Amino acid sequence: MTTQDAFERTLALLYEAALTAGKWAPAAASLDDAIRANGHSLSYVDMNSPKDPEVYLSRFFIGGERREDEEELYFRDYFWRDEAIPRLHGLGDGEVAHRSDLYTDREKKTSIVYNEFRCARGTEDGLYLGLDGLDGGAIVLSLGNSTERGSWGHDQIRTIRRLAPHLRQFARVRHAMANAGALSASLTALLENGRSGFVQLDRRGRILEANDRAPGRS
């Protein structure tokens, strides 16, 4: 599969997964393949308080499999003392940062998070991608290490930047659906929902279907 084929496949799966929870794992696996990363997490957070951000939504994937055990471990034992978290505050929309740049040289020797969690799992040379959420929220894609020899290549960074607007839309939709209590609903049920407006778009932004409460339909 060519790089462009992998990119197109990832987009198609992301837009399916935005409205169908069961499609998220295949989309995550395709994302890792397209970027050539050994895993990732995607989180939607309120960063208004950098020292104590509220996490609305977070999913960890390794090898295309959701790792709820890793999610529980990280947020129970490491998140609250992860030195990198407050330093993510202010990461611009579409900005990519190397994880190693968010820990000091001293922390790389002494940090429990960096050594016990990051290095032990092969994610210490990963990347962060910052994206704007809604209402002051922030979206963070945290990538594990590159599966390529050496570090991250130019084409990998380019793929991440190309995926950025689609990941932003995906996370915003999942967050909005969570707020509407519709995460487990089917597409048909969403379109029949009489309380909220839903519009199904293709990846070019064209409307495929919309319910009666969707913008412009009422």
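For the structure itself, look to the data block above.
Given the structure is predicted, the values throughout are model-derived calculations rather than measurements. (Residues numbered from 1 in each chain as written. Predicted model: local features only at pLDDT ≥ 70, side-chain atom pairs only at ≥ 80, totals over all residues. Heavy atoms only, no water.)

1. Describing the overall build of the chain
- From N to C terminus, the chain includes 8 helices and 8 strands.
- The buried share among the 218 residues of the chain stands at 46%.
- Sequence-distant contacts in the chain: of pairs separated by 6 or more residues, those separated by 24 or more amount to 56%.
- For the chain, the exposed surface amounts to about 11,400 Å²; the carbon and sulfur share of it is 47%. (Helix = DSSP H or I, 4+ residues; strand = E, 2+ residues; numbered from the N terminus. Buried < 20%, exposed > 50% of the residue type's maximum accessible area, 1.4 Å probe, protein only. Contact = heavy atoms within 4.5 Å. Areas by Shrake-Rupley, 256 points an atom, 1.4 Å probe, with all protein chains shown as cover.)

2. Focus: the packing of aromatic side chains
- Under the definition given, this model contains 11 aromatic pairs.
- Summarising the aromatic geometry, the rings of Tyr74 and Phe117 are spaced 5.1 Å apart at their centres and angled 45° between planes, so their arrangement reads as tilted. Of this pair, Tyr74 sits in helix H3 (residues 68-78) while Phe117 is found in helix H6 (residues 112-118), placing the two residues 43 residues apart along the sequence. Residues Tyr74 and Phe117 agree in their burial class; the two are buried. (Phe/Tyr/Trp six-rings, centres within 6.5 Å; stacked < 30°, edge-to-face > 60°.)

3. Details of helix H7 (residues 154-179)
- Across its 26 residues, H7 extends 37 Å between first and last C-alpha, which sits within 8% of the 38 Å expected from 1.5 Å per residue.
- Residue Ala164 marks the point of greatest curvature in H7, where the axis turns by about 40°; the proline Pro165 follows within four residues. (Expected span 1.5 Å × (residues − 1). Bend = angle between axes of the 7 residues up to and from the residue.)

4. Overview of the pairing of strand E6 (residues 137-143)
- Within E6, 7 of the 7 residues are buried, leaving the element largely enclosed by the surrounding structure.
- Where burial is concerned, the two faces of E6 agree: the one with Gly137, Ile139, Leu141 and Leu143 and the one with Ala138, Val140 and Ser142 are both buried.
- With 6 bridges connecting them, strand E5 (residues 127-132) and E6 associate as antiparallel partners. Considered in E6, the bridge of Leu127 is made with Leu143. (Pairing = 2+ DSSP bridges.)

5. Some thoughts on the nonpolar core
- Judged by nonpolar contacts, the single largest core of 31 residues is most densely connected at Trp24, Ile35, Leu129, Leu143, Ile160 and Leu167.
- Residue assignment for this core shows that the elements contributing at least two residues are helix H1 (3-17), helix H2 (24-35), strand E1 (40-46), strand E2 (54-62), E5, E6 and H7.
- The dominant element in this core, judged by the number of residues it contributes, is H7, at 7 residues.
- In this structure, Ile35 is in contact with Leu143, Trp152, Gln156, Thr159, Ile160 and Leu163, ignoring residues within four places of it in sequence.
- Core analysis: the second largest hydrophobic core is formed by 20 residues, Val45, Phe60, Ala97 and Tyr128 among them. (Core = buried A, V, L, I, M, F, W, Y, C linked by side-chain atoms within 4.5 Å.)

6. Considerations on the environment of Asp5
- Looking at the secondary structure, you find Asp5 in helix H1.
- Judged by its relative accessible area of 41%, Asp5 is partly exposed.
- On a C-alpha basis, the gap between Asp5 and Ala34 in space is 8.8 Å, while along the polypeptide they are 29 residues apart.

7. Some thoughts on the pattern of salt bridges
- The tally for this structure, following the rule as stated, stands at 11 salt bridges.
- Across the salt bridge formed by Asp69 and Arg67, the nearest N and O atoms sit 2.8 Å from each other.
- A single network of salt bridges, built from pairs that share partners, joins Arg36, Glu148 and Asp155. (Salt bridge = Lys/Arg side-chain N within 4 Å of Asp/Glu carboxyl O.)

8. Description of the environment of Asn145
- In this fold, Asn145 is placed in the loop between E6 and H7.
- Put simply, Asn145 and Gly39 are 106 residues apart on the chain and 7.6 Å apart in space, counted from C-alpha to C-alpha.
- Those residues in contact with Asn145, other than ones at most four positions away along the chain, are Arg36, Ala37, Asn38, Gly122, Thr123, Glu124, Asp125, Gly126 and Trp152.
- Here the side chain of Asn145 touches Asp125 through a polar contact of 2.8 Å, landing on its backbone nitrogen.
- For Asn145, the side chain forms a polar contact with the main-chain nitrogen of Gly126, separated by 3.2 Å. (Polar contact = N/O pair within 3.5 Å; in protein donor to acceptor, adjacent residues only side chain to side chain.)

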